[in-house]
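Structural characterization, general
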Amino acid sequence: MKLIYVFDAYCGWSHGFSPTLREVASRHPELDVDVVSGGLFTGPRRVPIREFGYVQGANAKIAELTGAEFGEAYDRLIADGSFVMDSEDAARGVAALRQVAPTREVELATALQRAFYVDGRSLSDPATYRKVAEQAGLDADAVIGAFEAPRAQEAAEADFRRAAALGVTGFPTLLAVDGDRVTPLAYGNATATEVEQRLSSLTAH
């Protein structure tokens, strides 16, 4: 069995789910976790953040339910309103980090969300990946090189196709995959204990 986590680095609910994901992964080192980018803000949805009038209200709800932190630098981006969330660039970044450190997908995906939601950093900016890589003790030049290479674009598109093939329509979604059997463990918001109970029921059979 393995876990597949389908998220979007620009999804606030995914940011809120980060502690649960990290806790589940730490409790189950025997389970591989594939982190897949879903592609929330692509094509015509790549517009200034002010176009999404629900963002601040949603963030307040996310913070209330999950305890997620939204930093002052991020709040300034929201207040300005001109920032464009590009999930294709973010997915390229996830792919680049995955390429350089394939066993640290969970840690790096959640670090990337923190870079945006706490530090207000653009996930289209190579400097963001340098910062995340340095903080994680990775070769920053290798990460940026991977982010800017054509292979990252191909990997991002492959992630979007994989998310669609899994039938995922919202983020975050955590799935348990055992052979041909795919079982949802969490969608949107769940505690590590709730995920644990669902996992246990699967392994008991």
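A few points on the structure. Every value quoted in this text rests on a predicted model; they were computed, and no experiment measured them.

1. Quick notes on the pattern of salt bridges
Scanning the model with the defined rule gives twelve salt bridges in all. Notably, a salt bridge pairs R46 with D86, separated by 3.3 Å at the nearest N-O pair. Of the two residues, R46 sits in the loop between β2 (33-37) and α2 (55-66) while D86 sits in the loop between α3 (72-80) and α4 (87-100), which places them 40 residues apart along the sequence. By relative accessible area, D86 is classed as buried at 13%.

2. Quick notes on the pairing of strand β4 (residues 181-187)
Direction of pairing for strand β3 (residues 173-178) relative to β4: antiparallel, over a ladder of six bridges. Bridge assignment links T173 to a residue of β4, and that residue is Y187. Between the end of β3 and the start of β4, which pair antiparallel, lie two residues, with G179 showing a positive phi angle near 65°.

3. A look at the side chain of S87
When you line up the elements, S87 lands in helix α4. Within the structure, the side chain of S87 is placed 3.5 Å from the backbone nitrogen of L40, a separation counted as a polar contact. Setting aside residues no more than four positions away along its own chain, S87 makes contact with D8, Y10, G39, L40, F41, T42 and F160.

4. Some details on the nonpolar core
Counting residues in each nonpolar core, the largest one holds 54 residues, and the members touching the most others are L3, F116 and L174. At seven residues, helix α5 (residues 105-117) tops the list of elements feeding residues into this core. When sequence neighbours within four positions are dropped, the list of residues in contact with L174 reads L3, I4, Y5, F17, L21, T183, P184, L185, A186 and V195. Counting nine residues, the second-largest nonpolar core is a separate cluster that includes V168, F171, L175 and V177.

5. Digging into the sheet that holds strand β1 (residues 2-7)
The strand order across the open sheet built from four strands is β2-β1-β3-β4, with neighbouring strands paired in mixed fashion. Bordering the open sheet on either side are β2 and β4, each of which pairs with just one other strand. Averaged over neighbouring strand pairs, the angle between their axes works out to 25° when direction is ignored. Here β1 pairs with β3 via five bridges, running antiparallel. By the bridge assignment for β3, V6 is matched with T173. Sheet strands in contact with helix α1 (residues 12-27) are β1, β2, β3 and β4, and its direction is about 170° off that of β1. The strands touched by α5 within the sheet are β1 and β2, with β2 carrying the most contacts at an inclination of about 35°.

6. Here we look at the side chain of H28
With respect to the helices and strands, the residue H28 is situated in the loop between α1 and β2. For H28, a relative accessible area of 14% puts it in the buried group. Polar contacts involving the side chain of H28 include one to the side chain of E30, which spans 2.9 Å. Apart from residues no more than four positions distant in its own chain, H28 is found in contact with E196 and L199.

7. What about the pairing of β2?
With five of five residues buried, β2 is to be regarded as a mostly interior element. Of the two faces of β2, both are covered, the one formed by V33, V35 and S37 as well as the one formed by D34 and V36. As paired elements, β1 and β2 share five bridges and run parallel to each other. For V6, the partnering residue across the bridge sits in β2 and is V36.

8. Side note on unusual backbone geometry
F171 connects to P172 through a cis peptide bond whose omega is -5°. Relative to the helices and strands, P172 resides in the loop between α8 (150-165) and β3.

9. Description of α2
An ideal rise of 1.5 Å per residue puts 16 Å on twelve residues; α2 measures up with 16 Å between its terminal C-alpha atoms. Buried residues belonging to α2 abut α1 and α3. In the segment just after α2, G67 is the residue with positive phi, at about 80°.

Calculation rules
Residues numbered from 1 in each chain as written. Predicted model: local features only at pLDDT ≥ 70, side-chain atom pairs only at ≥ 80, totals over all residues. Heavy atoms only, no water. Salt bridge = Lys/Arg side-chain N within 4 Å of Asp/Glu carboxyl O. Helix = DSSP H or I, 4+ residues; strand = E, 2+ residues; numbered from the N terminus. Buried < 20%, exposed > 50% of the residue type's maximum accessible area, 1.4 Å probe, protein only. Pairing = 2+ DSSP bridges. Polar contact = N/O pair within 3.5 Å; in protein donor to acceptor, adjacent residues only side chain to side chain. Contact = heavy atoms within 4.5 Å. Core = buried A, V, L, I, M, F, W, Y, C linked by side-chain atoms within 4.5 Å. Axes fitted to C-alpha atoms, helices over the stretch in contact; angles between N-to-C directions. Expected span 1.5 Å × (residues − 1).

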